[in-house]
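One-letter residues, chain by chain:
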Amino acid sequence: MDFIIEAAVKAIKQLYQTDVAPATISLQETRKEFEGQVTIVTFPFTKFSRKGPEQTGTEIGEYLKNELKEIAAFNVIKGFLNISITDEYWIGQLYNHILAEDFAVAKPNGQKVMVEYSSPNTNKPLHLGHIRNNLLGYSVAQILGAAGYEVVKANLVNDRGIHICKSMLAWQKFGNGETPESSGLKGDHLVGKYYVLFDKAYKTQIDELKAEGQSEEEAKKNAPFIKEAQQMLQKWEAGDAEVIKLWKTMNEWVYAGFAETYKQLGVSFDKYYYESNTYLLGKDIIEEGLQKGVFFKKEDGSVWIDLTADGLDEKLVLRSDGTSVYITQDLGTAQLKYNEFHMDKSIYVVGNEQDYHFKVLFLILRKLGKAGADGLFHLSYGMVDLPSGKMKSREGTVVDADDLMAEMNATAKAQTEAMGKVDGFTEADKLQLYHTIGMGALKYFLLKVDPKKRLLFDPNESVDFQGHTGPFIQYTHARIKSVLSKAGYQLNNKIEVTELASVERDLIVLLTQFPDIIGTAANEYSPAVIANYAYELAKTYNKFYHEKSILQAEDEISKQFRLQLSASSAKVISKAMNLLGIDVPERM
RNA sequence: GCACUCGUAGCUCAAUUGGAUAGAGCGUCUGACUACGGAUCAGAAGGUUAGGGGUUCGACUCCCUUCGAGUGCACCA
């Protein structure tokens, strides 16, 4: 549509002797209730034209119509110039772009981006909150790839610390040598079980101490279990052979469990980082910052940065005993990543409770003048809450990721069977299909919402399969495929249609927008943009499908044309869903 | 207390980044060619965009303020 903007700039120069930047011309989709496909808002030009918005619109409209053969007609309503573009133009779009092999395939833009997501703790299984994180991260990576970036998907595993020692200790005390094999439990669930057991036992000890007259705070510090866990952490840091061995064993269990969950979710990573390798990093950056005068040292030896000029506080970056804090290792890890990949952008998919942390982290890296510091972005997303409130692993009030996915599959199975649509499917095909639909419903449900909004999830109200949902879009795709196969469709040459019905035009207009939609989604790091587009497209296709007969079209030309339109729609739906990490079935 | 985020139909979400009469789905109600696949389509009802003020041709969107929800403000990670 750039050619219209260009012409409008020329029009304004000719008519009103004023140069305007192309960006000041807002070209938008015409609202459905008006004639036309694109609209120019003319209010901003009234200052140059010294005429009313309607007259200004009419003048520009006339100029454009004379200038551009693609413009069939225009109408002006208040300050809105609605432009109708010729059917010839739209038909050309279909044949020259949409049906082309490379439609919506962006050329490499020469930029590299890292998307870090998932970043689990190895002391418990994944839950619904992690699912949102994983889906967002994976989808954003897909979208950036489609927009022309070279993408590196990274996972920073939090595999050390006091919380890991808690499950280890509880397993030592209560485990009786239990393993995933002996218990039949998935590895991450087994470890998670001991994490919960630790917390229970710890609480009991706290209560005992309180009964003996200690304050809550004292009791929390003095409980034998927490002391033992701390000792274990010290042993771990000292490289104690026995502790390390147990740590490795239990981590292996967890990784095996995670691998299965990731596989079910359909997410993957190109690069793993482990905190056990990175937690000591960052001290050289502290030194560098001191030399540059970005940091300062207090009398006790602790190192700080003063961010009050930026509206934040003073922030500790190194303890007085010389050991790292959270942000120290994040500084180091950022450097490590950059040294390895030299990426232009780095996206951190992390929940919004860490907004402040990332604000500080990025600010520090920028003040240090680090390469790549301008490309840092925290993709912050809202928590997933239950009707009962927040999910808490320690208290067991979580929606477990594996359970939820199994439930989604079961629901998909029940729905599909109830409709009796799986005749001729092998058992393996059926399982595959239920998984595709169940995950489609879940993924779409989580991704259609703006990431930064918090999400309420009611486990008792199952995720819908009708209306604005993943299965709705999947169904549209399957139905198109069915029609195409019935027609024995093959892509053939351009069909000489000359006129479009309005539903056909609407569909082509939407299809042409796909590359721009990918661009917008990439710029905003928002899968929701893609999700809403895919829905809009499916809906428009369904409308077309109901209004126009394809196999019984009026004539062969119309039939072939509509088949091509259908094939294009299926292709774009499939690609869009793919960007969300959602598969679309051929039959369902 | 300070900072950040959010508040749109009964419910779950949109709104082309300041543009037209705020749109969808679910739910409720009414319809659709003896199904090119009905997980679909057409229609109805449902709104003081939390309240108030301001900025301007125009505000769900920007500014101020009140209320409500959430999160963060550790020599924890």
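Everything below is about the structure shown above.
Keep in mind that what you see is a predicted model, and the values were worked out from it rather than measured.

Calculation criteria
- Residues numbered from 1 in each chain as written.
- Chains lettered and ligands numbered in written order.
- Predicted model: local features only at pLDDT ≥ 70, side-chain atom pairs only at ≥ 80, totals over all residues.
- Heavy atoms only, no water.
- Pairing = 2+ DSSP bridges.
- Helix = DSSP H or I, 4+ residues; strand = E, 2+ residues; numbered from the N terminus.
- Axes fitted to C-alpha atoms, helices over the stretch in contact; angles between N-to-C directions.
- Contact = heavy atoms within 4.5 Å.
- Buried < 20%, exposed > 50% of the residue type's maximum accessible area, 1.4 Å probe, protein only.
- Lys, Arg positive; Asp, Glu negative; His and termini not counted.
- Salt bridge = Lys/Arg side-chain N within 4 Å of Asp/Glu carboxyl O.
- Polar contact = N/O pair within 3.5 Å; in protein donor to acceptor, adjacent residues only side chain to side chain.
- Phe/Tyr/Trp six-rings, centres within 6.5 Å; stacked < 30°, edge-to-face > 60°.
- Lys NZ or Arg CZ within 6 Å of the ring centre and 35° of its normal.

The strand order across the open sheet built from four strands is β1-β2-β4-β3, with neighbouring strands paired in antiparallel fashion. Each edge of the sheet is formed by a strand with only one pairing partner; in this case those strands are β1 (27-29) and β3 (71-77). Adjacent strand axes in the sheet meet at a mean angle of 30°, parallel and antiparallel pairs treated alike. Taken together, the four bridges between strand β2 (residues 38-41) and strand β4 (residues 80-85) define a ladder with antiparallel strand orientation. Paired with T39 across the bridge in β4 is N82. Strands in contact with helix α1 (residues 2-16) are β1, β2 and β4; relative to β2, the strand with the most contacts, it is inclined by about 30°.

A separate point is the sheet that holds strand β10 (residues 314-318). Pairing within the open sheet is antiparallel, and its three strands lie in the order β8-β9-β10. The open sheet has two edge strands, β8 (296-297) and β10, and neither has a second partner. Where strand β9 (residues 303-306) and β10 come together, four bridges link them in antiparallel fashion. Each residue of the ladder has a partner; that of D306, found in β10, is E314. Packing of helix α13 (residues 283-292) onto the sheet brings it into contact with β8, β9 and β10, and relative to β10 it is tilted by some 130°.

With that settled, the discussion passes to the side chain of R132. Structurally, R132 is set in helix α5 (residues 128-146). At 6.6 Å, D450 is the nearest oppositely charged side chain to R132, a buried residue that forms no salt bridge. At 2.8 Å, the side chain of R132 forms a polar contact with the backbone oxygen of G382. Looking at R132, its side chain comes within polar contact range of the main-chain oxygen of K453, at 2.9 Å. Not counting chain neighbours up to four residues away, the residues in contact with R132 comprise Y381, G382, M383, V384, L446, V449, D450, P451, K453, R454 and L455.

What follows concerns the packing of aromatic side chains. Following the criterion strictly, the structure yields 25 aromatic pairs and no others. Seen from their ring centres, Y117 and F269 are 4.6 Å apart, and the 35° between their planes marks the pair as tilted. You can see Y117 sitting in the loop between β5 (112-116) and α5 and its partner F269 sitting in the loop between α11 (241-265) and β7 (271-274), a full 152 residues away along the chain. An aromatic cluster is built from Y117, Y255, F258, Y262, F269, Y272 and Y274, whose rings are joined through pairwise contacts. In this structure, K271 packs its charged tip against the face of Y273, placed 5.1 Å from the ring centre.

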